[in-house]
Amino acid sequence: MNLRRLLAIAYKETLQIWRDPRSLAIALLMPLMQMGLLGYGVSLDIKRVPLCVYDQENSQLSRGVVNRFTSSDWFRQVAVLQTDRDLRAAMDHGDCIAALVIPVNFSRTLYMTGQDSLQVVLDATDTNTANIATGYAQGIVAQLDADLNANWQGAHGETVRGVGTVDLASRVWFNEGLDSRNFIVPGVVAIILALVGSQLTSLTVSREWERGTMEQLISTPVTGLELMFGKLTPYFVIGLLDAVFCLGTAAFWFHVPFRGSLFTLVLTTALFALVVLGIGYLLSVRIHSQLGASQIALMLTMLPTTMLSGYTFPLDQMPQAVQAISWLVPARYYVTILRSVFLKGSSLWDMAVPVIALLIYAAVIIRAAARAFRKSLD
Amino acid sequence: MNGAPPAVQARGLTKRFGAFVAVDALDLDIAKGEVVGFIGPNGAGKSTTIRMLCGLLRPSAGTATVAGYDIVREPETVRAHIGYMSQKFSLYGDLTVAENLRFFGGLYRVPRAELKERMAFAVTMAGLTGREDALVRTLAGGWKQRLALGCAILHRPPVLFLDEPTSGVEPEARRRFWDLIHSLAADGVTILVSTHYMDEAEYCNRIALIAAGHLIAIGSPGELKRRDLGGALVELESPQPGAALAALHGAPGVVEAAIFGDRLHVLLAPGTDAAALARFLVAHGLTATPPKPIIPSLEDVFVRLVSRKPAPEAA
């Protein structure tokens, strides 16, 4: 491999990227758009669920219950209902997703018999939201229950004994606020890098075939390796710059906690960049049309990366066969690494498995790309 | 290289694409410093032969050496010793004149100390002085072709392959291009240039005629006209050229007859009397000017050589 020829190609490629609006748009605008879209748009947290309140009793206790719901972050009161018809209408019109119904004799029944029920009506057209809202409601009611018991026992002069009340004190590590953005945004970086990297390189060799410049190029003593590394160099730099932008946005704009080492992050990002650039290059060498190569690159990266990398859809919830396929998706390893580095501060050693998997992937892809190129018109 | 080995030597060079034989057992020898014209209709195998010699296509059979190196065993060494201009313009339209030259200078590893001077030479040769920073896609055809030649000779290759370099270029630019070819040849560069312009063939030292993948004749333009025509050529005019042509095809002593523009060219077997031809036409009720002997053009030779009838043995 000759450095002079490699640099001549890298320089030429840089000039061409600079003068090609399509490449520039992919390199510069795509990360910006995707980061905004996915960073803001995708959130699995359901907060401030619209709540209608139908308090049939309107007692001190019932108002206290309503207050517990509306003062939490999980619900916000959108309407107060007076009749059963109102309730039905509110649900039908989608005014609220949840409705809290407090029965007429709620406090009396409770004090006399020691038990009564509250009703929460849910619009379960979005089952996910309904499930989560149910969870929130149960939490609030459980707390209410505990407080009422304590009051009752206090009022009756009984001391609270250890027996009978076991308290679960759960503590959440790594993503203390259980903020889904902290979980998703690092994954978004992987998606953007996969998309941009493979799209850019998918055009680079197919463009030479399409424009007929390849014939002149292969009549020179340039070797396949010089061509590959010469062409990949500027895209590698662009990929890393895009990654720096995305990772910086994740840390400083979305405030995803960053607890790992920058070195680990850069090294693993470079590895992943090599994998996705290699995939695009391999396609570009094999498919002599820019459109075909970029379409296939899109299919091969976008779908598996969003669905099978575990960036939003948890892999352990998927059928065994799908989980097995996900081991073939390089983004899966990078998403794991990104989350670990950001949230857990893991070292390379902690992440030996995904790092080695990426390393193998990079080696295999680059080797395949190098072998796929034929200096021949045959 | 000891002695003076041929710049290009092909033996039995063959290229098949599936069942189609594009080039069939071609033998070719080109001496150092020769300008050889590769003539033949589209699809005759000219480009395929040149691409094989440049190492762009792998021969199905046969061997060839270029500048003394085997095209199959040492393709990279061959590529370092040749310049190639493909039929389709293939420089980078989105790079400037200077950027294209610098790029190919880098690929051919032209010594940095020399590159500036070589680039200046190429720019001057292409007549692009002052337009070094123009994007190549903005240049007109003739300039593009000369720039492509400039890129192909930056590294001073001893052998040049030019595949229809003047196709689609206006006549004035074509003449200038041939001047460049001859000045390169004067410096000892060996050039194989394909064309389908018959008039350009006259500029070559030797001509290789190729049709349907076969090399059918090779020699200097003069040699081909004298030797390969195999008879005397006469020209006549007739108001009924179609009928005249039909009649002539059965006339005694006529080897071949063909329409050239508004005239008929008739090839007579050696010893045939031209006056007898005139009488034959009159006997068939056709009017025609008296046949007059002409100096054959290469086109006559070409038409004759690719026609069905075998030539009578001459010389």
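The name given to chain B in an unreviewed UniProt entry is ABC-2 type transport system ATP-binding protein, with the source organism recorded as Acidocella aromatica.

Taking an unreviewed UniProt entry as the reference, chain A is identified by name as Transport permease protein belonging to Acidocella aromatica.

J.: Sorry, what's going on with the overall build of chain A here?
T.: Per the secondary structure count, chain A includes 14 helices and four strands. Against the 2.2 N^0.38 benchmark of 21 Å for 378 residues, chain A shows a C-alpha radius of gyration of 29 Å, more extended than a compact globule. Here chain A holds 378 residues, and 48% of them are scored as buried. Considering only intrachain contacts with a sequence separation of at least 6, the fraction spanning at least 24 residues in chain A is 80%. Entry remark: accessible area of chain A is about 19400 Å², with carbon and sulfur atoms responsible for 62%. Here chain A holds 28 positive side-chain charges and 27 negative ones, and the gap between their average locations is 13 Å.

J.: So what exactly am I meant to see when it comes to the domain arrangement of chain B here?
T.: When the parts of a complex come together, some accessible area is lost, and that lost area is often used as the size of the interface. All names here are of chain B. When its domains are assigned, chain B resolves into domain 1 (8-220) and domain 2 (226-306). Using C-alpha coordinates to define each centre, domain 1 is positioned 38 Å away from domain 2. Approximately 760 Å² of surface area, both sides summed, lies buried where domain 1 meets domain 2, with 80% of it carried by carbon and sulfur atoms. The largest contributions to the domain 1 side of the interface with domain 2 come from Met198, Leu209 and Ile216, which together make up 51% of the buried area. The tally of links from domain 1 across to domain 2 stands at zero residue pairs in polar contact (both at pLDDT 80 or more). The set of elements that each furnish at least two residues to the side of domain 1 that touches domain 2 consists of helix 7 (198-201), strand 9 (206-211) and strand 10 (214-219). At four residues, strand 9 tops the list of elements feeding residues into the side of domain 1 that touches domain 2.

J.: How do you make sense of the domain arrangement of chain A when you look at a structure like this?
T.: Annotation of chain A at the domain level lists domain 1 (3-43 + 179-372) and domain 2 (49-148). Taken over C-alpha atoms, the centre of domain 1 of chain A sits 48 Å from the centre of domain 2 of chain A.

J.: Sorry if this is basic, but what is going on with the pairing of strand 3 (residues 35-39) of chain B here?
T.: Two faces make up the sheet, and in a regular strand the side chains alternate between them. Residues and elements named next belong to chain B. Of all five residues making up strand 3, five are buried, and the element is well covered by its neighbours. Burial of the side chains of strand 3 extends over both faces: Val35, Gly37 and Ile39 are buried on one face and Val36 and Phe38 on the other. The pairing of strand 3 with strand 9 spans four bridges and is classified as parallel. Among the inter-strand pairings, Val36 is bridged to a residue of strand 9, identified as Arg206.

J.: Please clarify how the packing of aromatic side chains should be interpreted in this entry.
T.: Each aromatic ring pair is described using two quantities: the centre-to-centre distance and the angle formed by the ring planes. Evaluated as defined, the whole model comprises nine aromatic pairs over all chains. Arranged with centres 5.1 Å apart and planes meeting at 75°, the rings of Phe258(A) and Phe342(A) form a pair that is edge-to-face. Linking Phe258(A) in the loop between helix 9 (224-253) and helix 10 (262-286) with Phe342(A) in helix 13 (residues 330-344), this pair joins segments that are 84 residues apart in sequence. In this structure Phe258(A) comes out as partly exposed when scored by relative accessible area, which is 31%. Judged by centre distance (4.4 Å) and plane angle (10°), the rings of Phe272(A) and Tyr334(A) are stacked. With a gap of 62 residues between them, Phe272(A) in helix 10 and Tyr334(A) in helix 13 connect regions that are remote in the sequence. For Tyr334(A), a relative accessible area of 0% puts it in the buried group. Members of the aromatic cluster, each reached through a chain of ring pairs, are Phe69(A), Trp74(A), Phe75(A) and Tyr136(A). Its guanidinium or amino end placed over the ring of Phe183(A), Arg339(A) lies 3.7 Å from that ring's centre, counting from NZ or CZ. Positioned over the ring face of Phe89(B) is Lys144(B), at 5.3 Å from the centre of the ring.

J.: Looking at this structure, I do not really get the side chain of Asn100(B). What am I missing?
T.: Residues and elements named next belong to chain B. One can find Asn100 in helix 3 (residues 97-107). Accessibility expressed as a relative area gives 0% for Asn100, which makes it buried. Discounting chain neighbours no more than four positions away, the residues touching Asn100 are Leu91, Tyr92, Leu95, Val136 and Cys151.

J.: How should a nonpolar patch on the surface be read in this particular structure?
T.: All names here are of chain A. A contiguous nonpolar surface patch, about 510 Å² in accessible area, is contributed by Leu28, Leu29, Leu32, Met33 and Phe245. Broken down by element, the residue count for the nonpolar patch peaks at four residues, all from helix 2 (residues 21-41). For Leu32, the location among the structural elements is in helix 2.

J.: What exactly am I supposed to notice about the interface of chain B and chain A here?
T.: On the side of chain A, 26 residues touch chain B, which itself brings 34 residues to the contact. Taking both sides of the interface into account, the surface hidden between chain B and chain A amounts to around 2800 Å²; carbon and sulfur atoms contribute 54%. The largest contributions to the chain B side of the interface with chain A come from Leu56(B), Tyr92(B) and Leu107(B), which together make up 22% of the buried area. Across the chain B-chain A interface, the total number found is five salt bridges. Measuring nitrogen to oxygen at the nearest pair gives 3.0 Å for the salt bridge that ties Glu76(B) to Lys375(A). Of all the elements, helix 3 of chain B adds the most residues to the side of chain B that touches chain A, at six residues. Its residues assigned to classes, the side of chain B that touches chain A comprises 18 nonpolar, six polar and ten charged.

J.: What is the right way to look at the nonpolar core in this model?
T.: One recurring pattern in soluble globular proteins: nonpolar side chains tend to sit buried together. In this structure, Leu149(B), Phe161(B) and Ile191(B) are the most contacted members of the largest nonpolar core, which totals 161 residues. Here this core takes 15 residues from helix 7 (residues 180-211) of chain A, the largest share from any one element. Leave out the neighbours within four places in its chain, and Ile191(B) touches Glu34(B), Val35(B), Val36(B), Leu160(B), Leu162(B), Ile181(B), Leu184(B) and Ala185(B). Grouped together as the second largest cluster of nonpolar side chains are 19 residues, Val65(A), Val66(A), Leu110(A) and Leu144(A) included.

J.: Help me understand the sheet that holds strand 3 (residues 98-102) of chain A, please; the structure alone is not making it clear to me.
T.: Across a sheet, paired strands are connected by hydrogen bonds in the backbone, their directions being either parallel or antiparallel. Residues and elements named next belong to chain A. The four strands lie next to each other as 2-1-3-4, forming an open sheet whose pairing is mixed. Bordering the open sheet on either side are strand 2 (75-80) and strand 4 (119-122), each of which pairs with just one other strand. Ignoring which end each strand starts from, the neighbouring axes of this sheet average 30° apart. With five bridges connecting them, strand 1 (residues 49-55) and strand 2 associate as parallel partners. Bridge pairing in strand 2 links Val49 to Phe75.

J.: Help me understand the UniProt feature "transmembrane region" (unreviewed entry) in chain A, please; the structure alone is not making it clear to me.
T.: Residue and element names in this part refer to chain A. When the UniProt feature table is mapped to this numbering, "transmembrane region" (unreviewed entry) covers residues 183-205, 235-256, 262-284, 296-313 and 351-370. Helix makes up 100% of residues 183-205 and strand 0%, whereas the separation of the span's terminal C-alpha atoms amounts to 36 Å. With 95% helix and 0% strand, the stretch residues 351-370 has end C-alpha atoms that lie 29 Å from each other.

What counts and how
- Residues numbered from 1 in each chain as written.
- Chains lettered and ligands numbered in written order.
- Predicted model: local features only at pLDDT ≥ 70, side-chain atom pairs only at ≥ 80, totals over all residues.
- Heavy atoms only, no water.
- Helix = DSSP H or I, 4+ residues; strand = E, 2+ residues; numbered from the N terminus.
- Rg over C-alpha atoms; globule rule 2.2 N^0.38 Å.
- Buried < 20%, exposed > 50% of the residue type's maximum accessible area, 1.4 Å probe, protein only.
- Contact = heavy atoms within 4.5 Å.
- Areas by Shrake-Rupley, 256 points an atom, 1.4 Å probe, with all protein chains shown as cover.
- Lys, Arg positive; Asp, Glu negative; His and termini not counted.
- Charge placed at Lys NZ, Arg CZ, Asp CG, Glu CD.
- Domains from an automatic or database assignment.
- Buried area = accessible area lost by both parts, 1.4 Å probe.
- Polar contact = N/O pair within 3.5 Å; in protein donor to acceptor, adjacent residues only side chain to side chain.
- Pairing = 2+ DSSP bridges.
- Phe/Tyr/Trp six-rings, centres within 6.5 Å; stacked < 30°, edge-to-face > 60°.
- Lys NZ or Arg CZ within 6 Å of the ring centre and 35° of its normal.
- Patch = residues over 30% accessible without salt bridge, like charges linked within 9 Å, V, L, I, M, F, W, Y side chains within 5 Å.
- Salt bridge = Lys/Arg side-chain N within 4 Å of Asp/Glu carboxyl O.
- Nonpolar A, V, L, I, M, F, W, Y, C, P; charged D, E, K, R; others polar.
- Core = buried A, V, L, I, M, F, W, Y, C linked by side-chain atoms within 4.5 Å.
- Axes fitted to C-alpha atoms, helices over the stretch in contact; angles between N-to-C directions.
- UniProt positions renumbered as here; feature names shortened; annotations may be inferred.

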